[in-house]
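One letter stands for each residue in the lines below.
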Amino acid sequence: MLDPKVLESWDKEYFWHPFTQMKVYREEENLIFERAEGVYLYDIYGRKFIDAISSLWCNVHGHNHPKLNQAITDQLKKVAHTTTLGSSNIPAILLAKRLVEIAPKGLTKVFYSEDGAEAVEIAIKLAYQYWINKGKRKKIFITLSEAYHGDTIGAVSLGGIELFHGAYRDLLFNTIRLPSPYLYCKQNYQKLCDECKNDLLQMLEEILKDKAQDVVAISLEAGIQAAAGMLPFPKGFLKGVRELTKRYEVLMIVDEVATGFGRTGSMFYCEQEGITPDFMCLGKGITGGYLPLAATLTTDEVFDAFLGEFGEMKHFYHGHTYTGNNLACAVALANLEVFEEEKTLENLKPKINYLSERLQEFWELKHVGDIRQLGFMAGIELVKDRDRGEPFPYGDRTGFKVAYKCRERGVFMRPLGDVMVLMMPLVISFEDMDKVLEALFDTIKSLE
Ligand SMILES: *Cc1c(COP(=O)(O)O)cnc(C)c1O
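Because the structure is a prediction, the values reported are computed rather than measured.

Reading guide: rules and limits
- Residues numbered from 1 in each chain as written.
- Predicted model: local features only at pLDDT ≥ 70, side-chain atom pairs only at ≥ 80, totals over all residues.
- Heavy atoms only, no water.
- Salt bridge = Lys/Arg side-chain N within 4 Å of Asp/Glu carboxyl O.
- Helix = DSSP H or I, 4+ residues; strand = E, 2+ residues; numbered from the N terminus.
- Buried < 20%, exposed > 50% of the residue type's maximum accessible area, 1.4 Å probe, protein only.
- UniProt positions renumbered as here; feature names shortened; annotations may be inferred.
- Contact = heavy atoms within 4.5 Å.
- Near = heavy atom within 4 Å.
- Polar contact = N/O pair within 3.5 Å; in protein donor to acceptor, adjacent residues only side chain to side chain.
- Areas by Shrake-Rupley, 256 points an atom, 1.4 Å probe, with all protein chains shown as cover.
- Nonpolar A, V, L, I, M, F, W, Y, C, P; charged D, E, K, R; others polar.
- Phe/Tyr/Trp six-rings, centres within 6.5 Å; stacked < 30°, edge-to-face > 60°.
- Expected span 1.5 Å × (residues − 1).
- Axes fitted to C-alpha atoms, helices over the stretch in contact; angles between N-to-C directions.
- Parallel < 35°, antiparallel > 145°, perpendicular 65-115°, else oblique.
- Left-handed = near helix turned anticlockwise from the far one by under 90°.
- Domains from an automatic or database assignment.
- Buried area = accessible area lost by both parts, 1.4 Å probe.
- Lys, Arg positive; Asp, Glu negative; His and termini not counted.
- Pairing = 2+ DSSP bridges.

1. Some points on the pattern of salt bridges
Side-chain pairing between opposite charges can occur once the charged atoms of the two side chains come close.
Here is step 1 of the chain: Applying the stated criterion to the full structure yields 27 salt bridges.
Here is step 2 of the chain: The shortest N-O distance in the salt bridge between Glu28 and Arg397 comes to 3.0 Å. Note that Glu28 is positioned in the loop between helix 2 (22–27) and strand 1 (33–37) and Arg397 in the loop between strand 14 (377–382) and helix 16 (398–408), a separation of 369 residues in sequence.
Here is step 3 of the chain: Since its relative accessible area comes to 26%, Arg397 is described here as partly exposed.

As structure tokens, then:
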């Protein structure tokens with residue numbers, strides 16, 4: 001291997017990192033990972049860290065998993081990539097069938113892409129063209145404040161995080177925005193409850209009563225606004241939205257990019273609400289965290305609206321060079337097999353309960369302002385003063401400082417602002433969960 005110091009200098013010289021202030025990055029010491037095993041990451045100095053954020057929310061069964069590795073090398077010996085524009089490949093076919101089998105009933109068609117943002121982009125365009133193909137021109141999308149659907153311009157248009165999205169305002173299409181459910185509930189009712197859910201659904205109904213004939217779709221994340229800092233929805237909210245969208249004949253896009261593949265305790269969060277949206281966007285955990293792949297699932301109703309003679313020009317003029325990539329689909333299939341073989345979801349249940357219990361301990365810490373959890377996804381919000389609800393100044397980077405200190409304890413984290421995110425691989429052991437929680441607890445305590 002190259003001298004670590006040389007690698008560090010080349011990293012700072014040539015590599016522009018995502019969501020990173022490069023001035024600060026270049027002044028700091030950063031982790032450069034070389035290999036990984038299970039939930040452990042190893043850097044170029046051989047130091048070991050627990051991957052407490054599943055390598056940005058996508059790793060599921062651990063790194064360097066023999067079965068997932070094997071799926072890739074087996075496929076690699078056949079072919080790495082062939083185009084799916086008008087032709088097909090074996091892993092993409094098998095994966096589409098398998099996804100339909102495990103998805104909420106009624107989602108019967110799979111459109112592939114490479115990243116979560118593209119899966120959302122595709123849902124936007126499909127929904128928009130669906131109405132055109134049906135002879136209607138509609139143009140309004142309904143979205144939520146604090147939503148995050150990825151960083152391409154369509155996905156940013158549906159987004160509602162001012163810090164990430166504000167700069168591009170003039171480039172975006174207009175949407176009608178409902179309040180972020182969690183923040184609305186907190187402000188008006190202190191906590192998630194049926195009353196706040198009903199208020200929100202009533203607001204949505206008022207909009208639909210007036211504008212449904214112009215509304216293409218409503219888009220929402222599944223059960224929790226993760227990127228906004230782990231803001232859960234009241235239970236039944238998604239179900240209520242589904243009922244209204246059906247009644248007013250508006251499409252529903254549910255973004256399961258973060259929540260899909262077990263993260264909330266079930267394969268998809270939609271199952272917990274008993275709903276089938278018109279579009280379900282998948283990404284992140286779909287390949288177990290191995291390769292970039294995403295998918296937009298939809299219904300026969302939508303699919304059929306795109307059928308016609310060639311000359312009618314009703315088809316979906318959209319695709320990417322690597323759509324349905326053979327290697328990515330092969331490892332995604334293996335990912336689903338491992339869910340069954342290792343009984344991943346069954347084994348996760350006690351871990352979710354354990355996490356809930358242990359999170360309660362964090363209330364003792366005076367800089368903990370809020371604790372939020374959905375399934376195996378959790379966020380601990382740090383504040384300067386809990387009673388006054390006063391945040392730390394943004395420029396202080398308190399969340400990052402806590403994360404950096406956790407590294408000294410062998411735990412790798414990346415916060416969202418001052419929200420400490422816990423998104424551990426589903427396979428993590430109780431022992432390693434303890435290590436993560438203890439490192440985080442002690443570090444937050446040291447702020448006092
Ligand atoms: C991460 C994320 C996306 C974007 O996925 P990328 O693969 O980063 O483009 C979209 N929606 C949600 C809910 C996400 O968490």
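After presenting the structure, the write-up continues.
2. Side note on the UniProt feature "binding site: substrate" (unreviewed entry) in the protein chain
Here is step 1 of the chain: As annotated by UniProt and renumbered to match this structure, "binding site: substrate" (unreviewed entry) occupies Tyr148, Lys284, Gly319 and Arg414. In terms of the greatest pairwise C-alpha distance, the residues named above, spread along 267 residues, do not form a single cluster, extending to 32.4 Å across.
Here is step 2 of the chain: If near-sequence neighbours (up to four positions away) are discounted, Tyr148 is found in contact with Phe19, Ile161, Phe164, His165, Glu221, Ala227 and Asp255.
Here is step 3 of the chain: Tracing the backbone shows Lys284 in the loop between strand 11 (279–282) and strand 12 (294–298).
Here is step 4 of the chain: Lys284 gets classed as partly exposed once you look at its relative accessible area, which sits at 25%.
Here is step 5 of the chain: What Lys284 contacts, discounting residues up to four positions off in sequence, is Leu56, Trp57, Cys58, Val257, Ala258, Gly289 and Leu293.

3. Here's the deal with the site of the ligand
Here is step 1 of the chain: Taken together, Trp57, Asp115, Gly116, Ala117, Tyr148, His149, Gly150, Glu221, Asp255, Val257, Ala258 and Lys284 form the complete shell of residues around the ligand.
Here is step 2 of the chain: Here Ala117 contributes a backbone N or O atom positioned 2.9 Å from an oxygen atom of the ligand.
Here is step 3 of the chain: Measuring from an oxygen atom of the ligand, one finds a side-chain N or O atom of Lys284 at 2.6 Å.
Here is step 4 of the chain: Summarising the interface, the protein chains cover 84% of the accessible area of the ligand, which totals 380 Å² for the free molecule.
Here is step 5 of the chain: Its residues assigned to classes, the shell around the ligand comprises five nonpolar, three polar and four charged.

4. Overview of the packing of aromatic side chains
Here is step 1 of the chain: Applying the stated criterion across every chain, the model contains 13 aromatic pairs.
Here is step 2 of the chain: Consider the rings of Phe33 and Phe49, whose centres lie 6.3 Å apart with planes at 75°: the pair is edge-to-face. Linking Phe33 in strand 1 with Phe49 in strand 3 (residues 48–51), this pair joins segments that are 16 residues apart in sequence.
Here is step 3 of the chain: The class of Phe49 is buried, set by a relative accessible area of 4%.

5. Details of helix 17 (residues 430–445)
Here is step 1 of the chain: Here helix 17 contains 16 residues, and its C-alpha end-to-end distance of 22 Å stays within 8% of the 22 Å for a straight helix at 1.5 Å per residue.
Here is step 2 of the chain: When helix 17 is considered as a whole, its buried residues turn out to be Asp432, Met433, Val436, Leu437, Ala439, Leu440, Phe441, Thr443 and Ile444.

6. Examining the packing of helix 10 (residues 194–211) against helix 11 (residues 237–247)
Here is step 1 of the chain: It is the contact of helix 10 with helix 11, at a shortest axis distance of 10 Å, that shows an interaxial angle of 20°. In this view, helix 10 runs roughly parallel relative to helix 11, as classed from their interaxial angle. Crossing handedness for the pair helix 10 and helix 11: right-handed. Across the interface between the two elements, Lys197, Leu200, Leu201, Leu204, Glu205 and Leu208 from helix 10 touch Phe237, Gly240, Val241, Leu244 and Arg247 from helix 11.
Here is step 2 of the chain: Considering only residue class, the contact of helix 10 with helix 11 consists of seven nonpolar, one polar and three charged.

7. Quick word on the domain arrangement of the protein chain
Here is step 1 of the chain: Assigned domains of the protein chain: these are domain 1 (31–64 + 343–446) and domain 2 (69–342).
Here is step 2 of the chain: Each of domain 1 and domain 2 has a C-alpha centre, and the two are 26 Å apart.
Here is step 3 of the chain: Counting residues at the interface gives 35 residues for domain 1, matched by 34 residues for domain 2.
Here is step 4 of the chain: Interface area for domain 1 against domain 2, summed over the two sides, is near 2600 Å², with a carbon-plus-sulfur share of 62%.
Here is step 5 of the chain: When the buried area of domain 1 at its contact with domain 2 is split by residue, Trp57, Leu374 and Met377 rank highest and sum to 24% of it.
Here is step 6 of the chain: Here domain 1 is connected to domain 2 by one salt bridge.
Here is step 7 of the chain: Its salt-bridge partner being Asp370, residue Lys186 comes within 3.4 Å of it at the nearest N-O pair.
Here is step 8 of the chain: Viewed at the interface, domain 2 and domain 1 are joined by 19 residue pairs in polar contact (both at pLDDT 80 or more).
Here is step 9 of the chain: Put simply, the parts of the chain that give the side of domain 1 that touches domain 2 at least two residues each are helix 3 (54–57), helix 15 (344–360), strand 13 (368–374), strand 14 and strand 16 (419–422).
Here is step 10 of the chain: Residue composition of the side of domain 1 that touches domain 2, grouped by class: 20 nonpolar, eleven polar and four charged.

8. Describing the side chain of Glu114
Here is step 1 of the chain: Mapped onto the secondary structure, Glu114 falls in the loop between strand 4 (109–113) and helix 6 (116–133).
Here is step 2 of the chain: Among buried Asp, Glu, Lys and Arg side chains, Glu114 stands out as unpaired, with Lys125 the closest opposite charge at 12 Å.
Here is step 3 of the chain: Among residues more than four places away in sequence, those in contact with Glu114 are Pro292, Leu293, Ala294, His320, Tyr322 and Thr323.

9. Description of the sheet that holds strand 1
Here is step 1 of the chain: Reading across from one edge, 1-2-3-15 is the order of the four strands in this open sheet, with mixed pairing throughout. For this open sheet the edge positions go to strand 1 and strand 15 (411–412), each flanked by a neighbour on one side alone.
Here is step 2 of the chain: Here strand 2 (residues 40–43) runs beside strand 3; their pairing, made up of three bridges, is antiparallel. Each bridged residue has a counterpart across the sheet, and for Tyr40 the counterpart in strand 3 is Ile50.

10. Observations regarding the pairing of strand 7 (residues 215–221)
Here is step 1 of the chain: Buried residues dominate strand 7, accounting for seven of its seven residues.
Here is step 2 of the chain: Pairing geometry for strand 5 (residues 140–144) and strand 7, over three bridges, is parallel. By the bridge assignment, Phe141 is partnered in strand 7 with Ala217.
Here is step 3 of the chain: Note: strand 7 against strand 10 (residues 251–255), five bridges, orientation parallel. Within strand 10, the position partnered with Leu220 by the bridge is Val254.

11. Concerning unusual backbone geometry
Here is step 1 of the chain: At Gln190, a residue that is not glycine, the phi angle is positive and equals roughly 70°.
Here is step 2 of the chain: Secondary-structure assignment places Gln190 in the loop between helix 9 (181–189) and helix 10.
Here is step 3 of the chain: In this structure Gln190 comes out as exposed when scored by relative accessible area, which is 61%.
Here is step 4 of the chain: With a phi close to 60°, Met230 is a non-glycine residue in the positive phi region.
Here is step 5 of the chain: Considering the arrangement of structural elements, one finds Met230 in the loop between strand 8 (224–225) and strand 9 (231–232).
Here is step 6 of the chain: Met230 sits in the buried class, given a relative accessible area of 0%.

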